[in-house]
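# Per-entry structural report
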Amino acid sequence: MSKTGLLSLIWDGENLEMLDQRLLPSEIKYSKKTTVQEIWESIRSLEVRGAPAIGIAAAYGFYFAAREAPDTDFESFWKYLKEKSDYLASSRPTAVNLFWALERMEKKVLESKHLPISEIKRLVKEEAEAIHREDEEICRKIGEYGLTLLRDGVGILTHCNAGQLATARYGTATAPIYLAHEKGWKVRVFADETRPVNQGSRLTALELMQAGIDVTLICDNMAAMVMSKGWVDAVIVGCDRVAANGDTANKIGTLGLSILAKYYGIPFYVAAPTPTIDLGTKTGKDIPIEERNPNEVTCSFGRKTAPEGVKVYNPAFDVTPAENITAFITEKGIIYPPFEENIRDVINC
Ligand SMILES: CSC[C@H]1O[C@H](OP(=O)(O)O)[C@H](O)[C@@H]1O
């Protein structure tokens, strides 16, 4: 276990070493990704997952496309690249970081169209590396701002994995937890297992335990009990897309947690990197919600837990209305209501 903990993505300067998060916690296995197809499949299958990590992986996938694109003239180069970019965008619909990263990569190409194609390829690689590097900086800053909301001895409940494994490093919801631990504060974390793919039990519990942080695993239906006992001082979750009015898409079950937190008078914070805030999406009703394979519900990790042929509804995300959210913890500061106005000010500053 290195000092930095498990990283989901390691860039070797030309290709991408990717941790297969589907095998965690029992197996730690990295594999080298070198093509667009491999990146598309890794995002779709949750080999890599978590909004920021998806954006970083897509950025490198875009570079792989540029690397293999025809370089006779800009038009054929761009046609090939745009086609591959649109293909990468089809891997998953909800996390806006995927589209934000691809649009940033496309912009870099179009603003460099006057340069030799070999130079454009170099700039594309640099842009992907910048997205990766900046994500670590963003997460660290989220940790620093988030720390101002916590205290020594705090109890935190989190949902799914908005941890280091979902980002370049530190995580988003976990960043304040890691920084509190670095300060020597005692932090007690309750991690929802987060059915049906169990990112909480398989990933969050793993990474916090490896960091030596006090983490207690609970089933999703235990959150109310834990809150009723007064063990939770704050809920901190991640996000996949924040709409312009503050409605937030995150892992399925987040909405329910926000209602429980409101009932028990517990602050509900969303750790929100600004690339996950989408001013182009007006409200939560406009956020596309991914529905995944019913097998994730009926056949958890190879064990049949439901009758053959049963009807299944398996949305991977839900939308928490802005009025259930206490504040957003971003790398530019903490955003309080009125969200529509204050989000716009932060994004445009
Ligand atoms: C900072 S990660 C954001 C977000 O992504 C996770 O979803 P998935 O594991 O399906 O990619 C979860 O919603 C996290 O909160």
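Residues numbered from 1 in each chain as written. Predicted model: local features only at pLDDT ≥ 70, side-chain atom pairs only at ≥ 80, totals over all residues. Heavy atoms only, no water.

Going by what an unreviewed UniProt entry lists, the chain is known as Methylthioribose-1-phosphate isomerase and is assigned to Caldanaerovirga acetigignens. Quoted straight from UniProt, the Catalytic activity (unreviewed entry) entry for the chain says "5-(methylsulfanyl)-alpha-D-ribose 1-phosphate = 5-(methylsulfanyl)-D-ribulose 1-phosphate". The record in UniProt for the chain states the following under Sequence similarities (unreviewed entry): "Belongs to the EIF-2B alpha/beta/delta subunits family. MtnA subfamily." (UniProt positions renumbered as here; feature names shortened; annotations may be inferred.)

### Some points on the overall build of the chain
Scanning the chain for helices and strands turns up 11 helices and 16 strands. Based on the C-alpha atoms only, the size of the chain along its principal axes is roughly 65 × 50 × 40 Å. The buried share among the 349 residues of the chain stands at 56%. Element-wise, carbon and sulfur atoms account for 54% of the exposed surface of the chain, whose accessible area totals about 14500 Å². (Helix = DSSP H or I, 4+ residues; strand = E, 2+ residues; numbered from the N terminus. Buried < 20%, exposed > 50% of the residue type's maximum accessible area, 1.4 Å probe, protein only. Areas by Shrake-Rupley, 256 points an atom, 1.4 Å probe, with all protein chains shown as cover.)

### Looking at the pattern of salt bridges
Under the counting rule described, the total for this entry stands at 27 salt bridges. In this structure, the salt-bridge partner of Asp-12 is Lys-32, at a minimum N-O distance of 3.1 Å. Of the two residues, Asp-12 sits in the loop between β1 (9-11) and β2 (16-19) while Lys-32 sits in strand β3 (residues 30-33), which places them 20 residues apart along the sequence. On the basis of relative accessibility, which here comes to 42%, the residue Asp-12 falls in the partly exposed class. What emerges from the salt-bridge pattern is a single network uniting Arg-104, Lys-107, Lys-108, Glu-111, Glu-127 and Glu-134. (Salt bridge = Lys/Arg side-chain N within 4 Å of Asp/Glu carboxyl O.)

### Focus on the site of the ligand
Around the ligand, a shell composed of 17 residues is seen, among which Gly-50, Arg-92, Asp-240, Asn-250 and Lys-251 lie nearest. Taking Arg-49, its side chain carries an N or O atom lying 2.9 Å from an oxygen atom of the ligand. Here an oxygen atom of the ligand and a side-chain polar atom of Arg-92 are 2.8 Å apart. Taken by itself the ligand offers 400 Å² of open surface, and the protein chains cover 99% of this. Those elements that place two or more of their residues in the shell around the ligand are α2 (51-68) and β9 (248-251). Counted by class, the shell around the ligand contains 7 nonpolar, 6 polar and 4 charged residues. (Near = heavy atom within 4 Å. Polar contact = N/O pair within 3.5 Å; in protein donor to acceptor, adjacent residues only side chain to side chain. Nonpolar A, V, L, I, M, F, W, Y, C, P; charged D, E, K, R; others polar.)

### Digging into the UniProt feature "binding site: substrate" (unreviewed entry) in the chain
On the UniProt side, "binding site: substrate" (unreviewed entry) is annotated at positions that read Arg-49, Gly-50, Ala-51, Arg-92, Gln-199, Asn-250 and Lys-251 here. Among the secondary structure elements, Ala-51 is positioned in helix α2. Once you skip the residues sitting within four places of it in the chain, Ala-51 turns out to touch Ala-95, Asn-97, Ala-166, Cys-239 and Asp-240. Inspection of the secondary structure puts Lys-251 in strand β9. Residue classification places Lys-251 among the buried residues on the basis of a relative accessible area of 8%. In contact with Lys-251, not counting residues within four places along its chain, are Arg-92, His-159, Cys-160, Thr-194, Gln-199, Asp-240, Ala-316, Phe-317 and Asp-318. (Contact = heavy atoms within 4.5 Å.)

### Some thoughts on helix α6 (residues 175-182)
Within an α-helix, residues lying three or four positions from one another point in the same direction, as the helix has 3.6 residues per turn. For α6, a buried count of 6 out of 8 residues is recorded, marking the element as mostly surrounded by other parts of the structure. The set of residues buried in α6 consists of Ala-175, Pro-176, Ile-177, Tyr-178, Leu-179 and Ala-180.

### A few points about the sheet that holds β3
The strand order across the open sheet built from 3 strands is β1-β2-β3, with neighbouring strands paired in antiparallel fashion. Strand pairing shows two members of the sheet lacking a second neighbour, β1 and β3, which therefore form its edges. Recorded for the sheet is a direction-independent mean angle of 25 degrees between the axes of neighbouring strands. Looking at chain direction, β1 and β2 are connected through 3 bridges and run antiparallel. Residue pairing in the sheet places Ile-10 in a bridge with Glu-17 of β2. The strands touched by helix α1 (residues 36-44) within the sheet are β2 and β3, with β3 carrying the most contacts at an inclination of about 140 degrees. (Pairing = 2+ DSSP bridges. Axes fitted to C-alpha atoms, helices over the stretch in contact; angles between N-to-C directions.)

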